[in-house]
Amino acid sequence: MSGTVWFVGAGPGDPELITVRGRSLLERAGAVLYAGSLVDRAATRWTPDGCEIRDSKGMTLDAICTWLIDAASCHETVVRLQTGDPGLYGALTEISRPLDAAGVPWAVVPGVSSAMASAAAAGETLTLPEVTQTVILTRVAGRTPMPEGESLAELAAHHCTLCLFLSITLLDQIQRDLRTAGWAEEAPMVVVHKASWPGRETVVRGTLADIAERCRAEGIDHQAMVIASPALGARHWPDIARSKLYDPDFSHRFRRARTREIQQ
Ligand code: SAH
């Protein structure tokens, strides 16, 4: 009988941003392997005494899989603690396939992604009625190439919200691609470094023209989310289209409209 390996989203940094389920799995874990390149050891603070805790930062993928399989042979609950949500840029498939091959059961507990935590840190909404209703989570090509049709210049042509992971060192390329896609020099951008990390979070606001320079001035060159969106800064606009959901003249499942209207 093998224990179960739980891929748990640790959240973006603040140990309190793990889910209740993630925390209760940590509370009964016999072994925890955390991704120390982005997850602070503080995230393992919920583990019981005697729990085996290991940082995977220096390990290869094979070593990670072997460790998890071995741990599952001794413990009922094994946690692979990953940053943000395990389904985004997290090697979930590469690690789970060897678990399947070894007959080790596994499951995923979602987490608060850094994209969401970055928007929260900046007090921004990623969607706004009549401005943008779409969010693209992507990255630019670094050592990992982008699949065909997914270059930033192509995706940016939608002029919707873009959350760019793993790309802070490539701001010059981001600027080039957004210009190619027709974004204006004064298009607002926000970069959030270490979103939600207690006492360590930095929010840099700028425009397409100056965001790279502003980030350089702040010394931000890792663990940062780059957001470009026509909705940024909307709280300072003189007027915005209001959400239909709260419009007194709009009926929906939970509220009748003030005036008669044809329900959508
Ligand atoms: N699964 C993670 C993403 C892992 S990829 C998630 O859902 O958030 C790592 C990238 O995520 C980093 O290069 C950075 O772009 C972003 N990131 C991770 N933690 C962050 C944080 N606290 N603040 C800002 N960006 C972060």
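Note that the structure is predicted; figures quoted are calculated from it, not measured.

## Things to note about the pattern of salt bridges
In this structure the tally under the stated criterion is six salt bridges. Between Glu27 and Arg23 there is a salt bridge, with the nearest N and O atoms lying 3.0 Å from each other. Within this pair, Glu27 and its partner Arg23 are both found in helix α1 (residues 20–27), separated by four residues, close to a single helical turn. For the salt bridge of Asp210 with Arg214, the shortest nitrogen-to-oxygen distance reads 3.0 Å.

## So, helix α3 (residues 92–101)
Inspection of α3 places Leu92, Ile95, Ser96 and Leu99 among the buried residues, and these make up the whole buried set. Seen from one end, α3 has its buried residues packed into an arc of 95°, which puts them on one side. Set apart from the buried face of α3 by more than 90 degrees, the exposed residues are Arg97 and Ala101. Turning to α3, the residues buried within the fold contact β1 (4–9), α2 (61–74), β4 (77–82) and β5 (106–109). Positive backbone phi, at 75°, marks Gly103, one or two positions downstream of α3.

## So, the pairing of strand β7 (residues 161–165)
Taken across its five residues, β7 has five buried, putting it largely inside the fold. Covered by surrounding structure in β7 are Thr161, Cys163 and Phe165 together with Leu162 and Leu164, the residues of both alternating faces. Direction of pairing for strand β6 (residues 135–139) relative to β7: parallel, over a ladder of five bridges. Its bridge partner being in β7, Leu137 is matched across the sheet by Cys163. For β7 and strand β10 (residues 224–228), the ladder comprises three bridges, and the chain directions are antiparallel. Considered in β10, the bridge of Leu162 is made with Ala228.

Procedures and definitions
Residues numbered from 1 in each chain as written. Predicted model: local features only at pLDDT ≥ 70, side-chain atom pairs only at ≥ 80, totals over all residues. Heavy atoms only, no water. Salt bridge = Lys/Arg side-chain N within 4 Å of Asp/Glu carboxyl O. Helix = DSSP H or I, 4+ residues; strand = E, 2+ residues; numbered from the N terminus. Buried < 20%, exposed > 50% of the residue type's maximum accessible area, 1.4 Å probe, protein only. Arc of directions from axis to C-beta. Contact = heavy atoms within 4.5 Å. Pairing = 2+ DSSP bridges.

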